[in-house]
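# Report on the structure
Read off the chains here:
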Amino acid sequence: MEMINNLPDPVNFRKDEIITMLLKEEYGFLPARPYSVTATVEQNDNNFAAGKASLKKISLCCKGEWGEFTFPVYYAAPKIGTSIPCFIHLNFRDLIPDKYQPTEEIIDNGYAILTVYYQDITADNDDFTDKFAGVVYPDGVRENDDCGKIGLWAWSAMAVMDYALTLPELDHKKISVAGHSRLGKTALLAGALDKRFYCAFSNDSGCSGAALARETTGETIKNICTTFPYWFCENYKKYQENVESLPFDQHWLIAANAPHKVYVASAAEDGWACPKNEYLACVAADGYYKKLGKEGFVHPDRLPTVGDRFHEGDIGYHMRSGTHFFGREDWHNYISYINQDD
Ligand code: GCU
């Protein structure tokens, strides 16, 4: 199978070296983790989804070396006892259910779901005084390697993980993080930074997510640094004119999820996310998983086509028909990927 030229191989690097590289040059260093996370139930609907589930709105108060920050989390859980697997979903809206989150179906499959509306953490713009950004950057100014918005959203997924681990009904070994597009990039980063996740699910994450930057036919580093510079650290702009000077590529982000599982989902008509390069990134991350004694990416020796799903390895993958979207087919694939581990 054809491969991308001049791809730096992460295999000779330690995980902490890979992560330092990604943070210093792309996403920026994140604020310290909270030293306490306290939950207050604000609303409780015990009759959600025909009474099959409960839906709570919770305030999570996080305290850390930067001060204090409180944000809402939505928690839907089926009434099925204990050992419930769970998703932490960073979503584009605070709606339950939502077009990207078919909550009743997720519950009917025996899963709980904790949802964060990403702009409750910080606005999706260049205002670094907004919400949590304003807590960690009081004057709204960042150093060149301080994190951008993706780093702050990823931080919230890890804080929700702290909370999830206090919930006795959940299977603490089966808590995954999931997100679509910009939030798929975020899910991959959270998965790389937090070994407690079972799997990080990246849905159509594309440029600066799962897709290799070199030889992309979709969005480039220059495109993304022009439109969304605030998602990243300032250092990332160094590479926008010369992708070949990048000392890594996005397969490092996938590899940094090892040894836990990671999953890349693509949509055939999502050219901007470059599905081919999302796939080739999985292929290129395989060696790092294997080095750690994991299964890696089990796939045929060809490019993917619509309907392919490769669920055998620790790097899971599917390619569905259609456009840029986080739909039922994606969720069902994620659930069956986790369920095969029972
Ligand atoms: C834009 C952006 C992508 C991003 C997407 C999204 O299209 O260029 O990088 O993934 O928005 O988050 O929906």
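See the structure above.
These remarks concern the structure in this document. Predicted, not measured: the structure shown is a model, and the values here were computed from it.

Under the counting rule described, the total for this entry stands at zero disulfides. Free of any disulfide, Cys147 has its nearest neighbouring cysteine sulfur in Cys233, separated by 8.9 Å. For Cys147, a relative accessible area of 0% translates into the label buried. Summary of cysteine pairing: Cys225 is not part of a disulfide, and the nearest cysteine sulfur, belonging to Cys207, is at 7.8 Å. Residue class for Cys225 comes out buried when judged on its relative accessible area of 6%.

Before going further, it helps to spend a moment on unusual backbone geometry. Among all residues save glycine, negative phi is the norm, and among peptide bonds the norm is trans. Of the consecutive residues Ile96 and Pro97, the connecting peptide bond is found in the cis state with omega at -5°. Here the bond from Ala258 into Pro259 is cis, since omega is 10°, no more than 30 degrees from zero. Locating Pro259 in the fold gives a position in the loop between helix H8 (251-255) and strand E8 (261-267). A positive phi angle, near 50°, is found at Ala49, a position not held by glycine. Looking at the element boundaries, Ala49 is found in helix H2 (residues 48-51). Positive phi, close to 55°, is recorded for Ser83, a residue that is not glycine. Residue position: Ser83 is located in the loop between strand E3 (67-78) and strand E4 (84-91). With a relative accessible area of 52%, Ser83 lands in the exposed category.

This next bit is on the pairing of strand E5 (residues 112-117). A regular strand carries its side chains on alternate faces of the sheet. Burial within E5 is extensive, with six of its six residues counted as buried. Side-chain alternation along E5 places Ala112, Leu114 and Val116 on one buried face and Ile113, Thr115 and Tyr117 on a second face that is also buried. Relative to E5, E3 is paired through three bridges, and the arrangement is antiparallel. Within E5, the residue paired with Tyr74 across the bridge is Thr115. Sheet topology note: the E4/E5 ladder contains six bridges and is parallel. Of the residues in E5, the one forming a bridge with Phe87 is Ile113.

The subject of this paragraph is the nonpolar core. One finds Phe71, Phe87, Leu114, Trp155, Leu170, Phe201 and Ile254 to be the most contacted residues of the largest nonpolar core, which totals 118 residues. For this core, the element with the most residues is helix H5 (residues 149-164), which contributes twelve residues. Once residues lying within four places of it in the same chain are set aside, the contact partners of Leu114 are Val73, Tyr74, Tyr75, Cys86, Phe87, Ile88, His89, Val160, Tyr163 and Ala164.

Taken together, Phe92, Ser181, Arg182, Lys185, Glu219, Ile224, Phe228, Trp231, Trp272 and His324 make up all the residues around the ligand. One of the side-chain N or O atoms of Ser181 is found 2.6 Å from an oxygen atom in the ligand. Note that an oxygen atom of the ligand is positioned 3.4 Å from one of the side-chain N or O atoms of His324. Burial of the ligand by the protein amounts to 82% of the accessible area it has alone, namely 320 Å².

All right, on to helix H6 (residues 182-193) then. With twelve residues, H6 extends 17 Å from end C-alpha to end C-alpha; this agrees with the ideal 16 Å at 1.5 Å per step. Counting buried positions along H6 gives ten out of twelve residues, so the element sits mostly inside the fold. For H6, the complete set of buried residues consists of Leu183, Gly184, Lys185, Thr186, Ala187, Leu188, Leu189, Ala190, Gly191 and Ala192.

Another point: the packing of H5 against H6. Where H5 contacts H6, the two axes come as close as 8 Å, and the packing angle between them is 60°. Judged on the interaxial angle alone, H6 and H5 are oblique. For the pair H5 and H6, the crossing hand works out as right-handed. Counting all contacts with H5, which are made through Ile150, Gly151, Trp153, Ala154, Ala157 and Met158, the residues of H6 involved are Arg182, Leu183, Lys185, Thr186, Leu189, Ala190 and Leu193. Its residues assigned to classes, the contact of H5 with H6 shows nine nonpolar, two polar and two charged.

Attention now goes to the packing of aromatic side chains. This model, assessed by the stated rule, comprises 36 aromatic pairs. When the centroid spacing of 4.9 Å and the interplanar angle of 70° are considered together, the rings of Tyr263 and Tyr334 count as edge-to-face. In this pair, Tyr263 sits in strand E8 while Tyr334 sits in helix H10 (residues 328-339), placing the two residues 71 residues apart along the sequence. Both residues of the pair, Tyr263 and Tyr334, belong to the buried class. Taken together, the ring pairs connect Phe87, Tyr111, Phe201, Tyr263, Phe326, Trp331, Tyr334 and Tyr337 into an aromatic cluster. When the ring centre of Tyr100 is taken as reference, the NZ or CZ atom of Arg93 above it lies at 4.8 Å.

How each quantity is defined
- Residues numbered from 1 in each chain as written.
- Predicted model: local features only at pLDDT ≥ 70, side-chain atom pairs only at ≥ 80, totals over all residues.
- Heavy atoms only, no water.
- Disulfide = S-S within 2.5 Å.
- Buried < 20%, exposed > 50% of the residue type's maximum accessible area, 1.4 Å probe, protein only.
- Helix = DSSP H or I, 4+ residues; strand = E, 2+ residues; numbered from the N terminus.
- Pairing = 2+ DSSP bridges.
- Core = buried A, V, L, I, M, F, W, Y, C linked by side-chain atoms within 4.5 Å.
- Contact = heavy atoms within 4.5 Å.
- Near = heavy atom within 4 Å.
- Polar contact = N/O pair within 3.5 Å; in protein donor to acceptor, adjacent residues only side chain to side chain.
- Areas by Shrake-Rupley, 256 points an atom, 1.4 Å probe, with all protein chains shown as cover.
- Expected span 1.5 Å × (residues − 1).
- Axes fitted to C-alpha atoms, helices over the stretch in contact; angles between N-to-C directions.
- Parallel < 35°, antiparallel > 145°, perpendicular 65-115°, else oblique.
- Left-handed = near helix turned anticlockwise from the far one by under 90°.
- Nonpolar A, V, L, I, M, F, W, Y, C, P; charged D, E, K, R; others polar.
- Phe/Tyr/Trp six-rings, centres within 6.5 Å; stacked < 30°, edge-to-face > 60°.
- Lys NZ or Arg CZ within 6 Å of the ring centre and 35° of its normal.

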